[in-house]
Structure formats: structure tokens, C-alpha cells
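Architecture and fold: a report
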2 protein chains.
Amino acid sequence: MANIREIAKKAGVSVTTVSRVLNHHPYVKEEKRERVLKAMKELKYTRNIQAVHLAKGYSNMLGIVLPNIEHSYFSGLVTGMAEKAQARGMHFALFQTGYDPLKEKEALMSLKERRVDGLIFCSNALSDEHILKWQEFGPIIFCHPTQHDTCSTVSIAHDQAFKEGLHHLAACGHERIAIVLARTEGANSESRLQAYQDMMQSLGQSIDEEWIIDGKLSLIDGKQLFAEWQKMRNRPTALFITNDDVSAGFLLEARRRGIKVGESPAILSFQYNQLSEALGISSIHIPLKQMGQEAFDLFDLALKGEKSEKRMLPFRLIERTTTVLKNNR
Amino acid sequence: MANIREIAKKAGVSVTTVSRVLNHHPYVKEEKRERVLKAMKELKYTRNIQAVHLAKGYSNMLGIVLPNIEHSYFSGLVTGMAEKAQARGMHFALFQTGYDPLKEKEALMSLKERRVDGLIFCSNALSDEHILKWQEFGPIIFCHPTQHDTCSTVSIAHDQAFKEGLHHLAACGHERIAIVLARTEGANSESRLQAYQDMMQSLGQSIDEEWIIDGKLSLIDGKQLFAEWQKMRNRPTALFITNDDVSAGFLLEARRRGIKVGESPAILSFQYNQLSEALGISSIHIPLKQMGQEAFDLFDLALKGEKSEKRMLPFRLIERTTTVLKNNR
DNA sequence: GTGAAAGCGCTAACAC
DNA sequence: GTGTTAGCGCTTTCAC
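Residues numbered from 1 in each chain as written. Chains lettered and ligands numbered in written order. Predicted model: local features only at pLDDT ≥ 70, side-chain atom pairs only at ≥ 80, totals over all residues. Heavy atoms only, no water.

The name that an unreviewed UniProt entry assigns to chain A is LacI family DNA-binding transcriptional regulator, with the source organism given as Bacillus australimaris.

Laid out in C-alpha cells, this is it:
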């Protein structure tokens, strides 16, 4: 593979001139530019991007850290980021963590090693503080709210959305409400638990510990959840499920067993993907693609040295068939 | 950020020795090694991976080329590849093409630029010949069968699977069978069309051009497909759908309208993901994750200079509720 | 075992 | 406008 020196020799110019042509520097005589271009074509030259990056001190590469790309929540985010990245001529690497802190650490190491110019974190097994210590090596963006003001974040107002969801269920006449989370130790979980407790208290309803369910992520988990719900001693009349795939699994299993979801059990979901739409599941819509796009924008701004920014995206509760006004007998 | 020279100075050794320590070269006196290690710790040293890659001439990076990560087929493949890549200490970049040949070209350029060491192609808007011309710059693996023997491939026996599917539908008593493809110009489409025509001929059934449907990719497309099916003048009794998401959309829409899928319409699907399983859709199971893993293995072997290899994975037709023996009245 | 020095391929002062 | 040259940070040959 030809390099810049060979091109220079062939075109009878210096390497600087070749470099100038390569980088569209204005001060190159047209005649020389053409000789260089010709030489490049003849030698089928392509610049070695690694050398460029080493010399320039960046990698033009974004790292996206997420638990699992098979989950529609994350693939939705990635799609938004990828669109923007592509438009900006930037590439990206995926770091799948499976919520493993060690894997997150590896992503952080890649930042320090300069494999990537920055990271967008959609996974947070490590604490925010810990992650943000690595900011000295490049921008880090979160897709969840955090109180640390040194980093940019984009998210919806999770606790507000969560409260609104609970209110909706209460307004439908439910008091015995369960919540279903992906992970109780997640970034949003604590404030959600608080909101849940507050709401239940205001309903004058004591919480059965069975009603706080976690570790539910997939369609299969949702199917299983239905079975578990049926077996509960103190069965809730409504489930607030923070993930569309789980909700879909629940609903499909209910239907399969001939049980209608709506009055009881009612389910309210989060995220709003194609599947929950097709199934008519009431859900709180998160604009995932937009969120991904804005996460990239924030990353790009941070690269340019702009100061950090917290962006809050709108959410929307969409009532479908799985939450209806309950006949309180 | 400290570099190797500063470490050398601090430890009172040469850069060579530092490099040896970094690369676990055996010939370093224990005492010096410890001094170096100490200096690295004190200066919080991390090697600049770009410099390493430039010097070594590789990037330790795999490029995965696919149309769209939001599609479960591709995220399934990626999951398999990512597992293996991670275990091998290799990173990967995603190239989403949306079936756009220009985007595929960009991935090929990244190979030539040495941004990635090789590519796994799960998208093929460009012809195989065209893509394989770029092999001089690094290994290229296909996830579809190809007659070119210079590259490694992993896939299931698509046409055989397709034939088996058609036979199954015929055995259920169907003669008026439609096929639903993602794209008629895809890699497998030609042989599928041939198999379809052969089968229909052997059933003594002429093909209505309405029965060859393409451009169906998503759940929404599947819902719409159901509506289209209902409006057909010459309505087929069975649809062979080459994609689980489309099948699921079709089935859900049918159910919503109170129409039972099984005898007519019957649907047979391809891929077998969680959703089609939950819905009880008859489907031809493709071991996606394994396919991804083996694709990576082949890539790794190719990097090591091993000769190319064609791997064929087993498929399995799983009968569920959407194909049943038809009462031919 | 160890170090000097010549790369890897490109960029960007700086001088002309 | 153009060329010389010193980096970017690491690896690796070669001599000792």
C-alpha cells in the first residue's frame, strides 16, 4: 500500500503538499493538486487512518456503552446515535456490558487508551461518580438523569413520568398496584421506589413486598411474570411495568390463558415500541430515537469544548386497551 | 498523559525495556520490570492504543456490516459475534447500511483505510464479486452462501430450508401459497424464487404475481400485509414469510380482527425469535447466535491466514399453531 | 538482558 | 505557495 511519501515522489512534490491536498488545504496550486490527485489514483492510494489519528490525537470514534443490543430500548437509542454519527462522519464501537461493572470498566479503559474519543453511557452498573472520574480522558454522556453537573445528560423526567403513570392507574380505580423493574439498583430505581411509596401512602394502601418486582427484562420474563402474578396471595389489580417487552410477554400470556387485561389485571408500560403499539398496551412513550440523536449532539458539543448541558425530553402517556376505568365493586 | 519515554526516564531504563514490560516480553530483569511497573503506576500510564496499532499495522477492530440493528435478526447475529470478539479482546464497529450500497462502500473504505482489520457482511446491496475485490485489504466474511471460494461464509442451507418450508405447507394441504420476502434482490432471493416456482409447478399450481410479495421487514409491515392479504382477488391460503417480525405483525392483526390463523390463512415463518415463539408461530429456526459466533471464528481464522471455509449450520422446522393439516373441502 | 535508533504514515510548525 | 523537519507514541531490529 502506497504511502504519502511515494505519492510525493511520484508527483514530484513534497509530502506537505500531498498532505495539503488530502486535507483540502486552500494553498495548493491547481496544477500541483492535480498531479498529486493523479498519482494517488495511479497508486490506488488511501490514507492510513491510524496514522492520521495518531498525529491528530483523536480517533474519530464514539463508544456506546449499553447492557444488551438485543433489547429494543437500546437498539432504539443506538439507531438515533448512529444516524447522527454517520452524518458527522464519525464511527462508533459498541460495548455490551450485560450490566457487568467490569465490562463498563473496559469501556472506560478504551477511552483512556484513546481507542474512542468519548463515551455515551446507557448502562450504569458503576456509580455515576466513578464513571465521571474518567472524564479527564474525554467526554462522557449519560442517558439518564444525574445530579452531577460536570457531564451532559439526556433523558426524560423519569420520576415525573413514573408518578404520572401511577396517578393514571390510581385514576382508573386501582389501589393495589405492583411495580416491575428491570433492576432495583438501576439509576432511576431509587427515585421510582420513592415515588411509588409516596403514591401508595396517599392512596392509604400499604405495600406488600411482593409488589415490588425486579429482574424482568424480556418477553419471556413477561410471560413468566403473568404466572407469578396469578400465584400471588395478595394479588395486585394493576402492574406498572417499566419495559415494553415484559408487558408484551405478560399480555400475550394472559391472552393465551383467556384472561382479559384491562380492568384487572391492568398493565401500564414504559417505552412504547412497535410491539406494545401492535398489542394495544397503554404505555408511556419515550422518544428513544430522538434521545439517541440528542445524546450524540451533546457528545459532539462536548468534544468541541462546549459546557455540559442537561436535556429533558418530553414523554407522553398513551392510553390503550390495557388500562381502563375500573368498576370498583 | 505520560508516554513511554517519560516512564523510561522515571524508571531509569530505556524505552525498549518499557515496551518489553508492556508486551510481557520474557527477557526483562525482575528488578527493572518492577521499577517500570512502579513508574507506570505513579504516572498513571496507559498505552496509546493508536500508536500501538500504527506501529503494529493492525487495528484490533472488526467491522460488522448490517442493514439495521433494530431488526432482531441482525441484533441476534451481532450478539453472537460480540461474545466471541470480547473473549478474544477484539472490539467492533457497526456499519448500518439500510441496504444502501453507498453505505456498504463506506464500510469497505474503512477496511482499506485500516480502521478495521476485516469485515463481516450481513448486508449485501453490492454484489458479492464487488465486495470480495476488497479482500486484499483484509478478510471479509459473509453470512450468506456464495459460490465464490475465496471467502469464508457461514449460513444455513437457505434454499433447502426454503424448500422444506414449502413442502411443509404443501403437506398441510396448501396449493395457493404466497411468499413474502424482505427484498427480491437479496442474496438468497433468486434461489428462493426458483425453489418457489419449482414447488408450485410440481403442485400443478400457476403462480399469481400477487403472491410474490417483497419489501416486508417489520411488525408494522406484517400488520399491513394482513390487510393486503384480505384484499387480494386471488387470495392464497398460506403465506410463507421469511421474517419473524412480519409474521408476528400478520398474526396479531389477524387476531385483532378475529380471524384465526392456521388452516387459512396459514403462515410459516423464518428465524424463530422470542416473539414468534410466544405467539406460537410455526417457523424455521435459524441458530442466529451460533451463526454470529461462527462468523467471528471464521474471521479470526482468516486473520491468522487460514484458508477460507464454508460453514453450513443446521436449521429446524418447528410446527406450532399457524400451520395445521388443512381440511381440503 | 539491554539500549540506540530506525521505522509505522501522517500532520503542522516554521522558514523560505 | 511550497518544502524541510520535527513530532505523534509505540515497536522492533540490531549491536553490544
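The discussion continues.
Turning next to the overall build of chain A. A count of helical and extended segments in chain A gives 13 helices and twelve strands. Against the globule reference of 20 Å for 329 residues, chain A gives a C-alpha radius of gyration of 26 Å, more extended than a compact globule. By its C-alpha atoms, chain A is 90 × 40 × 30 Å across when sized along the principal axes. Across the 329 residues in chain A, those meeting the buried criterion constitute 55%. Considering only intrachain contacts with a sequence separation of at least 6, the fraction spanning at least 24 residues in chain A is 69%. Element-wise, carbon and sulfur atoms account for 48% of the exposed surface of chain A, whose accessible area totals about 14500 Å². Positive and negative side-chain charges of chain A, numbering 43 and 39 respectively, have mean locations separated by a distance of 8 Å. (Helix = DSSP H or I, 4+ residues; strand = E, 2+ residues; numbered from the N terminus. Rg over C-alpha atoms; globule rule 2.2 N^0.38 Å. Buried < 20%, exposed > 50% of the residue type's maximum accessible area, 1.4 Å probe, protein only. Contact = heavy atoms within 4.5 Å. Areas by Shrake-Rupley, 256 points an atom, 1.4 Å probe, with all protein chains shown as cover. Lys, Arg positive; Asp, Glu negative; His and termini not counted. Charge placed at Lys NZ, Arg CZ, Asp CG, Glu CD.)

Chain B puts 47 residues into the contact, and the matching count from chain A is 48 residues. Between chain B and chain A, the buried area comes to about 4400 Å², and carbon and sulfur atoms account for 59% of it. Applying the counting criterion to the chain B and chain A interface returns two salt bridges. Measuring nitrogen to oxygen at the nearest pair gives 3.2 Å for the salt bridge that ties Glu113(B) to Arg47(A). At the junction of chain B with chain A, the criterion picks out 20 residue pairs in polar contact (both at pLDDT 80 or more). Looking at the side of chain B that touches chain A, the elements with two or more residues in it are helix 4 (49–56), helix 5 (72–87), strand 2 (91–96), helix 6 (101–112), helix 10 (219–231) and helix 12 (274–279) of chain B. The class makeup of the residues in the side of chain B that touches chain A is 22 nonpolar, 15 polar and ten charged. (Buried area = accessible area lost by both parts, 1.4 Å probe. Salt bridge = Lys/Arg side-chain N within 4 Å of Asp/Glu carboxyl O. Polar contact = N/O pair within 3.5 Å; in protein donor to acceptor, adjacent residues only side chain to side chain. Nonpolar A, V, L, I, M, F, W, Y, C, P; charged D, E, K, R; others polar.)

In this section: the protein's contact with DNA strand D. The local shell around DNA strand D holds 25 residues, among which Thr16(A), Thr17(A), Lys29(A), Ile4(B) and Tyr45(B) are the closest. Those atoms of DNA strand D that come within 4 Å of the protein belong to sugar or phosphate at a rate of 65%. In this structure, a phosphate oxygen belonging to DNA strand D sits 2.6 Å away from a side-chain N or O atom of Thr17(A). A distance of 2.5 Å separates a phosphate oxygen of DNA strand D from a polar atom in the backbone of Ile4(B). (Near = heavy atom within 4 Å.)

Moving on to the relation of the copies chain B and chain A. Between chain B and chain A, the superposition needs a rotation of 180° and an axial shift of 0.0 Å, giving an RMSD of 0.1 Å. In symmetry terms, the pair is related by a two-fold rotation axis. For chain B, the minimum C-alpha distance to the rotation axis belongs to Ala93(B) and amounts to 2.1 Å. When you check the interface residues of chain B against chain A, 100% turn up at the interface there too, and the contact is symmetric in its surfaces. (Least-squares fit on C-alpha atoms with pLDDT ≥ 70 in both.)

It is worth spelling out the packing of helix 8 (residues 158–171) of chain A against helix 9 (residues 189–202) of chain A at this point. Residue and element names in this part refer to chain A. Viewed as axis vectors pointing N to C, helix 8 and helix 9 meet at an angle of 30°, and their least axial separation amounts to 9 Å. Looking at the two axes, helix 8 sits roughly parallel to helix 9. In the crossing of helix 8 with helix 9, the sense of the turn from one axis to the other is right-handed. Each of His158, Asp159, Phe162, Lys163, Leu166, His167 and Ala170 in helix 8 lies in contact with helix 9, whose residues at this interface are Ser191, Arg192, Ala195, Tyr196 and Met199. For the contact of helix 8 with helix 9, the class distribution of residues is six nonpolar, three polar and three charged. (Axes fitted to C-alpha atoms, helices over the stretch in contact; angles between N-to-C directions. Parallel < 35°, antiparallel > 145°, perpendicular 65-115°, else oblique. Left-handed = near helix turned anticlockwise from the far one by under 90°.)

So, on to the sheet that holds strand 9 (residues 266–271) of chain A. Spatial strand order, 7-6-8-9-10-12 (chain A): six strands in an open sheet with mixed pairing. Because the sheet does not close on itself, it has two edges, and the strands there are strand 7 (212–213) and strand 12 (316–318) of chain A. (Pairing = 2+ DSSP bridges.)

Time to look at the pattern of salt bridges. One pass over the full model with this rule turns up 31 salt bridges over all chains. One salt bridge connects Arg256(B) with Glu253(B), and the closest N-O pair in it is separated by 3.0 Å. In this pair, Arg256(B) and Glu253(B) both sit in helix 11 (residues 244–256), three residues apart, roughly one turn of the helix. What makes Arg256(B) exposed here is its relative accessible area of 57%. For Glu253(B), a relative accessible area of 5% corresponds to the buried category. Counted as one network, the salt bridges with shared partners bring together Lys10(A), Lys38(A) and Glu42(A).

Taken together, 25 residues surround DNA strand C, and among them Ile4(A), Tyr45(A), Thr16(B), Thr17(B) and Lys29(B) come closest. At the protein interface, 64% of the atoms of DNA strand C within 4 Å belong to sugar or phosphate. Within the contact set of DNA strand C, a phosphate oxygen lies 2.5 Å away from a backbone nitrogen or oxygen of Ile4(A). Contact between DNA strand C and Asn48(A): a phosphate oxygen at 3.2 Å from a main-chain N or O atom of the residue. At the level of elements, helix 1 (4–11), helix 2 (15–22) and helix 4 (49–56) of chain A together with helix 2 (15–22) and helix 4 of chain B are the ones that each hand at least two residues to the surface near DNA strand C. Of the residues that constitute the surface near DNA strand C, the class distribution is eleven nonpolar, eight polar and six charged.

Residues and elements named next belong to chain B. Taking strand neighbours across the sheet as the criterion, the six strands line up as 7-6-8-9-10-12 in an open arrangement whose pairing is mixed. Two strands close off the open sheet at either side, each with one partner strand: strand 7 (212–213) and strand 12 (316–318). As paired strands, strand 9 (residues 266–271) and strand 10 (residues 283–285) are joined by three bridges and run parallel to one another. Across the sheet, residue Gln271 finds its bridge partner in strand 10, namely His285.

Residues Arg255(A), Lys260(A), Arg255(B) and Lys260(B) make up a contiguous surface patch of positive charge. One can find Lys260(B) in the loop between helix 11 and strand 9. (Patch = residues over 30% accessible without salt bridge, like charges linked within 9 Å, V, L, I, M, F, W, Y side chains within 5 Å.)

It is worth spelling out the packing of helix 2 of chain B against helix 3 (residues 30–42) of chain B at this point. All names here are of chain B. Packing of helix 2 against helix 3 brings their axes to within 10 Å, and their N-to-C directions diverge by 85°. Relative to helix 3, the element helix 2 is oriented roughly perpendicular. Along the contact surface, helix 2 presents Val18, Val21 and Leu22, while helix 3 presents Arg33, Val36, Leu37 and Met40. Here the residues of the contact of helix 2 with helix 3 are counted per class, giving six nonpolar, no polar and one charged.

We now examine the packing of aromatic side chains. For any pair of aromatic rings, the description consists of the separation of the ring centres together with the inter-plane angle of the planes. Residue and element names in this part refer to chain A. The final tally for this structure, using the stated rule, is 18 aromatic pairs over all chains. On the basis of an interplanar angle of 40° and a centroid distance of 5.7 Å, the ring pair of Phe226 and Trp229 is categorised as tilted. Linking Phe226 with Trp229, this pair stays in helix 10 (residues 219–231), spanning three residues, or about one helical turn. On the basis of relative accessible area, Phe226 is assigned to the buried category, the value being 0%. Chaining the aromatic ring pairs together yields one cluster made of Phe162, Phe240 and Phe270. (Phe/Tyr/Trp six-rings, centres within 6.5 Å; stacked < 30°, edge-to-face > 60°.)

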